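Structural characterization, general
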Amino acid sequence: MLGRDQEPGSYYVGVDVGTGSVRAALVDQRGILLAFADQPINQWEPQFNHHEQSSEDIWAACCVVTKQVVQGIDVNQIRGLGFDATCSLVVLDKQFRPLPVNHEGDARRNIIMWLDHRAVSQVRRINETKHSVLQCVGGVMSVEMQAPKLLWLKENLREMCWDKAGHFFDLPDFLSWKATGVTARSLCSLVCKWTYSAEKGWDDSFWKMIGLEDFVADNYNKIGNQVLPPGASLGNGLTPEAAKDLGLPAGIAVAASLIDAHAGGLGVIGADVRGYGLACEGQPMTSRLAVICGTSSCHMGISKDPIFVPGVWGPYFSAMVPGFWLNEGGQSVTGKLIDHMVQGHAAFPELQAKATARCQSVYAYLNSHLDLIKKAQPVGFLTVDLHVWPDFHGNRSPLADLTLKGMVTGLKLSQDLDDLAILYLATVQAIAFGTRLIIEAMEAGGHSISTLFLCGGLSKNPLFVQMHADITGMPVVLSQEVESVLVGAAILGACASGDFASVQEAMARMSKVGKVVFPRLEDKRYYNKKYQVFLKLVEHQKEYAAIMKGD
Ligand SMILES: Nc1ncnc2c1ncn2[C@@H]1O[C@H](COP(=O)(O)OP(=O)(O)O)[C@@H](O)[C@H]1O
Ligand SMILES: O=C(CO)[C@H](O)[C@H](O)COP(=O)(O)O
């Protein structure tokens, strides 16, 4: 007799809310995507460094894409639903209605997005406390985490928002609440972004010290006092109202969610690598680094024991793979930086026209253009005199310095397509050098990493993947399913349904290797030299800042 896990026709729905779009997939027990849909979501930037979204818009987009992926199938075969999302802050009042997070009082915009840097003064004061919870975020709290944003709301929107607020959710937890009516939070969100400890719970002294004692007095009702591991089944499953919205049967299992990077990690890190000639074959999963590259890049490394790496978030217990500690390095803008460099260049209209004429994406066009102009040399050598420092939105890891800025050295008067293509290449390389810097910091802290597992929108770009291999000197594994973050979300749904005994079992069954890209070791000397320049750039930037600060 076939066991349940071998029966064909048990499906899971994964929903992934990224920065720029919402995606859904129908996934089977082998981790194969049977249907995919996506839908862009609105973003507002009412002033520089303020980034906002709407939870109602996002939920509506989740409903559209979910209905699309289940069209034409027997919905009774769907056994579980899992959500992941960016770690943005959703604010609702006591009746669960959206509250404005802006001076304009626009309640539709009730989300402070993860990349919002409005709370600079608040995070500086939080870091000055030197409270012990900061040890678990790499020693320095990021302005992108929730505590500084909450403090900003209290200090800046007291009457309009703070006094009326009944619920502050991380976006992944908002989605699982919307689906089930259960306000329990995922351990993943609370541990990674809210200073909750898997072992000790909330630390009252932290919230009191930073001026948010309100949460302690309220027994953490507004930010979560019931915490569940990712993949745990929530309440009675999908409510009739949410079932109607999503086009799914009421009562199906809904999982406690994950942050999007963590879902990507689950989607790729557990794959069976036998037969690919990889150093991580036969080694513990701790030798693998999942890199989730979308608007930002997140570098997820796990360990059996806690590892403290200055400037790298964590160690977080059981926040991604149960039973393992997680360290999370990151670059705040990567896809967004490439888009910014390309779209801001004078030759962009010409690029767009030429790519459209060939029915290609601008990136595919740029990659083939680089192949044309490189002549006999390796493509990466086109940037011998053009170097980029990629922290246009500050440095998340390992320098943990939000004041750092982007740098480009080697500019000429030319503004043609060749110039744009080479600037694009130098930007892609700079992002890969940033990954190398993060890996070196993680290894200095005690990690031992041999293989990268890439996913997210940028992993669709072969140049981005090859540069990561060449510059880190490590092979890059790409999954069979390009949309691996959605496989991660579906793994959550599969666990909640009870079809797998553990997250590890579901990971091993549902994530699969698609392709391995090896580094071109013959180019190593060149990249080592460019890396030396890369490190000089930040050293010089700090010197410039010191000169300008002096008398
Ligand atoms: N086919 C592609 N080729 C090259 N780059 C791509 C492709 N698709 C997406 N990207 C890049 O990936 C980024 C978005 O990745 P995605 O994972 O969709 O982001 P998010 O999850 O943050 O919404 C874009 O900024 C773009 O630079
Ligand atoms: O902070 C993060 C994870 O901890 C992510 O960077 C953030 O959620 C945005 O992700 P994406 O680049 O996929 O939109």
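Quantities reported herein were computed from a predicted structural model and do not represent experimental measurements.

**Quick look at the domain arrangement of the protein chain**
- Domain annotation for the protein chain reports domain 1 (4-254), domain 2 (263-333 + 437-521) and domain 3 (335-432 + 527-549).
- Placing a centre on the C-alpha atoms of domain 2 and another on those of domain 3 gives a separation of 25 Å.
- Each partner contributes residues to the interface: domain 2 has 30 residues there, and domain 3 has 27 residues.
- A buried area of about 2,400 Å², summed over both sides, lies between domain 2 and domain 3, and 66% of it is on carbon and sulfur atoms.

**A look at the confidence of the model for the protein chain**
- Across the protein chain, the average pLDDT comes to 97, with 99% of residues at or above 70.
- Per-residue pLDDT, averaged within each element of the protein chain, yields its smallest value for helix α17 (residues 503-510) (95) and its largest for strand β7 (residues 111-112) (99).
- Confidence estimates for the predicted assembly give a pTM of 0.97 and an ipTM of 0.98.

**Some thoughts on the nonpolar core**
- Core analysis: the biggest nonpolar cluster contains 92 residues, and Leu 153, Phe 168 and Trp 207 have the highest contact counts within it.
- The biggest single contributor to this core is helix α16 (residues 484-497), with 9 residues.
- For this core, the domains that each give at least three residues are domain 1 (4-254) and domain 2 (263-333 + 437-521).
- Beyond its immediate chain neighbours, meaning those up to four positions away, Leu 153 contacts Leu 89, Val 91, Val 101, Ile 112, Arg 158, Cys 161, Trp 162 and Phe 168.

**Examining the site of ligand 2**
- The environment of ligand 2 is made up of 15 residues, and the closest members are Thr 19, Lys 193, Asp 260, Ser 296 and Glu 328.
- Contact between ligand 2 and Lys 193: an oxygen atom at 2.7 Å from a side-chain N or O atom of the residue.
- Between ligand 2 and the protein, one listed contact pairs an oxygen atom with a backbone N or O atom of Thr 295 at 3.3 Å.
- The fraction of the free accessible surface of ligand 2 (380 Å²) that becomes covered by protein chains is 95%.

**Some details on the site of ligand 1**
- With respect to spatial proximity, 16 residues lie near ligand 1, and among them Gly 20, Arg 23, Thr 295, Asp 339 and Gly 457 are the closest.
- Contact with the protein chains covers 76% of the free accessible surface of ligand 1, which is 570 Å².
- The set of elements that each furnish at least two residues to the shell around ligand 1 consists of β2 (21-28) and α11 (335-343).
- Top contributing element to the shell around ligand 1 by residue count: α11, with 3 residues.

**Examining the packing of helix α14 (residues 417-445) against helix α18 (residues 524-549)**
- For the pair α14 and α18, the least separation of the axes is 11 Å and the interaxial angle reads 85°. Between α14 and α18, the angle falls in the class roughly perpendicular. Each of Gln 429, Ala 430, Phe 433, Gly 434, Arg 436, Leu 437 and Glu 440 in α14 lies in contact with α18, whose residues at this interface are Tyr 527, Asn 528, Lys 530, Tyr 531, Phe 534 and Leu 535.
- Grouping the constituent residues of the contact of α14 with α18 by class yields 7 nonpolar, 3 polar and 3 charged.

**Looking at helix α5 (residues 171-180)**
- In terms of burial, α5 is a largely internal element, 9 of the 10 residues being buried.
- Looking only at α5, the buried set comprises Leu 171, Pro 172, Asp 173, Phe 174, Leu 175, Ser 176, Trp 177, Ala 179 and Thr 180.

**Details of the UniProt feature "domain: Carbohydrate kinase FGGY C-terminal" (unreviewed entry) in the protein chain**
- Per the UniProt record, "domain: Carbohydrate kinase FGGY C-terminal" (unreviewed entry) is found at residues 289-496.
- The span residues 289-496 is 40% helical and 19% strand by assignment, and the distance between its end C-alpha atoms comes to 26 Å.

**Overview of the packing of aromatic side chains**
- All told, the structure shown has 22 aromatic pairs when counted by the stated rule.
- Ring centres 5.0 Å apart and planes at 80° place the aromatic pair Tyr 196 and Trp 202 in the edge-to-face group.
- The class for Trp 202 is buried, based on a relative accessible area of 13%.
- Taken together, the ring pairs connect Trp 162, Phe 168, Tyr 196, Trp 202, Phe 206, Trp 207, Phe 215 and Tyr 220 into an aromatic cluster.
- Here the basic side chain of Arg 118 rests over the ring of Trp 152, its NZ or CZ set 4.6 Å away from the ring centre.
- Positioned above the aromatic ring of Tyr 531, the side-chain terminus of Arg 436 is 3.9 Å from the ring centre.

**Structural notes on unusual backbone geometry**
- Pro 315 follows Gly 314 through a cis peptide bond whose omega is 5°.
- Along the chain, Pro 315 falls in strand β15 (residues 313-317).
- The omega angle of the peptide bond from Ser 397 to Pro 398 is -5°, so this bond is cis rather than trans.
- Tracing the backbone shows Pro 398 in the loop between β17 (387-389) and β18 (407-409).
- Of note, the phi angle at Asn 49 is positive, near 75°, even though the residue is not glycine.
- By the element assignment, Asn 49 lies in the loop between β3 (33-40) and β4 (52-53).
- When its relative accessible area of 17% is taken as the criterion, Asn 49 is described as buried.
- Here the phi dihedral of Ser 318 falls at roughly 60°; this positive angle occurs in a residue that is not glycine.
- Looking at the element boundaries, Ser 318 is found in the loop between β15 and β16 (325-331).
- Note on Ser 318: relative accessible area 13%, which makes it buried.

Analysis parameters
- Residues numbered from 1 in each chain as written.
- Chains lettered and ligands numbered in written order.
- Predicted model: local features only at pLDDT ≥ 70, side-chain atom pairs only at ≥ 80, totals over all residues.
- Heavy atoms only, no water.
- Domains from an automatic or database assignment.
- Contact = heavy atoms within 4.5 Å.
- Buried area = accessible area lost by both parts, 1.4 Å probe.
- pLDDT = per-residue confidence, 0-100.
- Helix = DSSP H or I, 4+ residues; strand = E, 2+ residues; numbered from the N terminus.
- Core = buried A, V, L, I, M, F, W, Y, C linked by side-chain atoms within 4.5 Å.
- Buried < 20%, exposed > 50% of the residue type's maximum accessible area, 1.4 Å probe, protein only.
- Near = heavy atom within 4 Å.
- Polar contact = N/O pair within 3.5 Å; in protein donor to acceptor, adjacent residues only side chain to side chain.
- Areas by Shrake-Rupley, 256 points an atom, 1.4 Å probe, with all protein chains shown as cover.
- Axes fitted to C-alpha atoms, helices over the stretch in contact; angles between N-to-C directions.
- Parallel < 35°, antiparallel > 145°, perpendicular 65-115°, else oblique.
- Nonpolar A, V, L, I, M, F, W, Y, C, P; charged D, E, K, R; others polar.
- UniProt positions renumbered as here; feature names shortened; annotations may be inferred.
- Phe/Tyr/Trp six-rings, centres within 6.5 Å; stacked < 30°, edge-to-face > 60°.
- Lys NZ or Arg CZ within 6 Å of the ring centre and 35° of its normal.

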